[in-house]
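Report on the structure
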Amino acid sequence: MIRPSHRTGTARSFVFFTLCVAAALSQPAHAAIDLTDDAGNAVRLETPAKRIVSLAPHITELLFAAGAGPAVVGVVAYSDYPPEATALPQVGGYTKVDLEAVAALRPDLVVAWRSGNRDTHLDRLRALGIPVFINEPRSLDDVARSLEQIGQLAGTEGVANEAAQTFRARHAALATRYRKRPAVRTFYQIWDRPLMTVNDEHLIADVIRLCGGHNVFGGLGTLAPTVGVEAVLAANPEAIVASGMGVARPEWLDQWKRWPDLRANAGGNLFFIPPDILQRHTPRILDGATQLCEQLETVRVRRGDAPAPAVQ
């Protein structure tokens, strides 16, 4: 066997090293990420975020759905989906963020909720040099867009874009079947005391429209307004859909049975949907939308409308 000389081996090593360096230099540098968040703020990252703190439960869920779960290093209370999120360090609640705990996690991105987080908290995080991206979906289309934006921020575009495409396909199928069905006057009840609902700017109102419903308090000026019992009775909705705090149907939903002439009560149309699948701005909202569409279709069948045709 002929053995190469030491000199020949050294020359080959040098050539190999030179080729590796040339190959590395030929790779384009990762372009900076420039996005405008849902509050109109320009956010710039020089590279995809590797350490992300979520300041709302729905944001935590969006991050995981977009493939950015491995980069999440901190969450707020009630970030319970997917189950892996429950093992992450908590930095307080979305209305009372522990800023020291956030800083200690050394995030290169914080994703915040415009309607839930306090501006003073977010301003202090920015003052520490931490990029803050604000998320606020107001429509079902915005949920898909949020997935895509998170994919850009975290460098997980492949997973995020596929999740967004799947979401849009499910959304379109529901719209095809239900959006043009005869209208059902609907009261969506978030809570009992105070009695709260949503206006037409809220994401839940977009779900009601998707299902062919008419939000009886859609014209109010506040995103989540407080209303009185008298106002509900005057609106006389044909369906009342309640959420609550968990998977159990809230007892206060049956309080509407005190008014036998209320159309929703007279027709037996007091419905419940668990809040996690309708009040979180995530892909699971289409699970809640499917339930709501089926409930409003039940109202139509009870009043004598022909059932919706099946989607082929």
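Residues numbered from 1 in each chain as written. Predicted model: local features only at pLDDT ≥ 70, side-chain atom pairs only at ≥ 80, totals over all residues. Heavy atoms only, no water.

1. Here we look at the sheet that holds strand β10 (residues 213-215)
Backbone-to-backbone hydrogen bonds pair the strands of a sheet. The strands run either parallel or antiparallel. As summarised here, the arrangement of the four strands in space is β10-β9-β11-β12, forming an open sheet in which the pairing is parallel. The sheet is open, and its two borders are formed by β10 and β12 (270-272), each paired with just one other strand. Geometrically, the sheet is characterised by an average inter-axis angle of 35° between neighbouring strands, direction not taken into account. Bridge count for strand β9 (residues 184-189) against strand β11 (residues 239-242) is four bridges, and the pairing is parallel. Bridge pairing in β11 links Thr-186 to Ala-239. Helix α7 (residues 203-210) rests against β9 and β10 of the sheet, and its axis sits at about 145° to β10. (Pairing = 2+ DSSP bridges. Helix = DSSP H or I, 4+ residues; strand = E, 2+ residues; numbered from the N terminus. Axes fitted to C-alpha atoms, helices over the stretch in contact; angles between N-to-C directions. Contact = heavy atoms within 4.5 Å.)

2. Describing the side chain of Asp-192
Mapped onto the secondary structure, Asp-192 falls in the loop between β9 and α7. Other than its neighbours up to four places away in sequence, Asp-192 contacts Trp-252 and Gln-255.

3. Observations concerning the packing of aromatic side chains
Within this structure, the stated rule accounts for five aromatic pairs. Look at Phe-187 and Trp-256: their rings are 6.0 Å apart centre to centre, the planes differ by 85°, and that puts the pair in the edge-to-face class. Of this pair, Phe-187 sits in strand β9 while Trp-256 sits in the loop between β11 and α9 (263-266), and the two are 69 residues apart along the sequence. In this structure Phe-187 comes out as buried when scored by relative accessible area, which is 0%. By the ring-pair criterion, three or more aromatic residues cluster together here, those being Phe-187, Phe-217, Trp-256 and Trp-259. The ring of Tyr-81 has Arg-284 sitting right over it, with the charged end atom 3.7 Å from the ring centre. (Phe/Tyr/Trp six-rings, centres within 6.5 Å; stacked < 30°, edge-to-face > 60°. Buried < 20%, exposed > 50% of the residue type's maximum accessible area, 1.4 Å probe, protein only. Lys NZ or Arg CZ within 6 Å of the ring centre and 35° of its normal.)

4. Observations regarding the side chain of Ser-146
Tracing the sequence through the fold places Ser-146 in helix α5 (residues 140-154). Look past the residues within four positions of Ser-146 in its chain and what remains in contact with it is Leu-62, Asn-135 and Pro-137.

5. Notes on the state of the cysteines
Under the defined criterion, the tally for this structure stands at one disulfide. The disulfide partner of Cys-211 is Cys-293, and the S-S distance across this bridge is 2.1 Å. Disulfide Cys-211 to Cys-293: torsion about the S-S bond roughly -80°, handedness left-handed. Within this pair, whereas Cys-211 is found in the loop between α7 and β10, its partner Cys-293 is found in helix α10 (residues 285-303), the two being separated by 82 residues in sequence. By relative accessible area, Cys-293 is classed as buried at 0%. (Disulfide = S-S within 2.5 Å.)

6. Description of the pattern of salt bridges
It is possible for side chains bearing opposite charge to pair when their charged atoms get close. Taken as a whole, this structure holds 22 salt bridges when the rule is applied. Measuring nitrogen to oxygen at the nearest pair gives 2.7 Å for the salt bridge that ties Asp-34 to Arg-44. A residue pair is termed long-range when its members are at least 10 positions apart, and Asp-34 in strand β1 (residues 33-36) and Arg-44 in strand β2 (residues 42-45) qualify at 10 residues. Judged by its relative accessible area of 47%, Arg-44 falls in the partly exposed class. A salt bridge links Glu-61 to Arg-284; the shortest N-O distance between them is 2.7 Å. With a gap of 223 residues between them, Glu-61 in helix α2 (residues 57-65) and Arg-284 in the loop between β12 and α10 connect regions that are remote in the sequence. Like Arg-284, Glu-61 is buried. (Salt bridge = Lys/Arg side-chain N within 4 Å of Asp/Glu carboxyl O.)

7. Some remarks on the confidence of the model for the protein
Looking at the protein, the pLDDT average stands at 90 and 90% of residues meet or exceed 70. Counting interchain partners and residues more than four positions distant, the pLDDT-below-50 stretch residues 1-28 has zero contacts. (pLDDT = per-residue confidence, 0-100.)

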